[in-house]
Amino acid sequence: ITKGIAGHVFGGNPAPIPWILKASMFSVDFHPTYDATIATVQDALRLGADGIAVGISAGSANQVAMLEMLTNVVEEAHQWGIPVVCHAYPSGELWGDKKGSTESVLYASRAAAELGTDIVKTWYTGSADEFRTVVEGTPAIVVAAGGAPVANPRDVLEQAAAVVEAGGHGMTAGRNVWGAEDPAKMVRALKAVIHDGA
């Protein structure tokens, strides 16, 4: 979550639940291929975050600036023992028809890992075999983004199973959890698939 929300949610709580500070953000409507810096490692320390997350848009005209931002965050965070999550997406306009391909996803994921990212969150490539290429080519923990909301909850669980089959460490799920008919049941189901091998 962002630092403004964290202050309201966790203020005065001596033992908050584990959480990650989102330190960069893009805007779908106005700048979809540039993650702007919105928080710092010092904010993460001050607020008691367990990790810090930043995003990159690989294949974007803004890629160089985002890689420099990621490098700086990794260097400072690691000095304090804070793990870094990178939302490494091949969302840039320079990909053309390769945008979202396994090649582009691997490029984004590998770039984040090479800069020292601890956990790479990236796009799912559509099958366990294709995602295995991404996982095997990325020297970091890899998780898949949960993606856009789907009508059938089974699709989310099947994607999670494929990610684990490919060697991924798991899947992040937002809208497909809080938008589910029973969010708690969806969390339990994802846990069963990702952690318990269901």
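Coordinates for the structure precede this section.
Being a predicted model, the structure only gives us computed values, none of them experimental.

Cut-offs and rules
- Residues numbered from 1 in each chain as written.
- Predicted model: local features only at pLDDT ≥ 70, side-chain atom pairs only at ≥ 80, totals over all residues.
- Heavy atoms only, no water.
- Pairing = 2+ DSSP bridges.
- Helix = DSSP H or I, 4+ residues; strand = E, 2+ residues; numbered from the N terminus.
- Buried < 20%, exposed > 50% of the residue type's maximum accessible area, 1.4 Å probe, protein only.
- Right-handed = clockwise from strand over helix to strand, strands pointing away.
- Salt bridge = Lys/Arg side-chain N within 4 Å of Asp/Glu carboxyl O.

1. Some details on the pairing of strand β2 (residues 24–27)
Stage number 1. In terms of strand pairing, β2 meets strand β3 (residues 31–37) through three bridges, oriented antiparallel. When the sheet's bridge partners are listed, M25 is paired in β3 with A36.
Stage number 2. The hairpin turn running from β2 into β3, its antiparallel successor, is three residues long.

2. Section: the pairing of strand β7 (residues 141–145)
Stage number 1. With four of five residues buried, β7 lies mostly within the body of the structure.
Stage number 2. Inspection of the sheet shows strand β6 (residues 119–122) paired to β7 by four bridges, in the parallel sense. Opposite I119, over in β7, you have I141 as the bridge partner.
Stage number 3. Handedness of the crossover joining β6 and β7 through helix α5 (residues 128–136): right-handed.
Stage number 4. The pairing of β7 with strand β8 (residues 170–172) spans three bridges and is parallel. Note that in β8 the partner of A145 across the bridge is T172.
Stage number 5. The handedness of the β7 to β8 crossover, carried by helix α6 (residues 153–165), is right-handed.

3. What about the pattern of salt bridges?
Stage number 1. Across all of its chains, the model carries eight salt bridges by this definition.
Stage number 2. For the salt bridge of K98 with E103, the shortest nitrogen-to-oxygen distance reads 3.6 Å.
Stage number 3. By relative accessible area, which is 37% here, K98 ends up partly exposed.
Stage number 4. For E103, a relative accessible area of 47% translates into the label partly exposed.
Stage number 5. In this structure, K191 engages D196 in a salt bridge whose closest nitrogen and oxygen atoms are separated by 3.6 Å.
Stage number 6. Here D196 falls in the exposed class, since its relative accessible area comes to 54%.
Stage number 7. The network of salt bridges with shared partners includes K3, D43 and R46.

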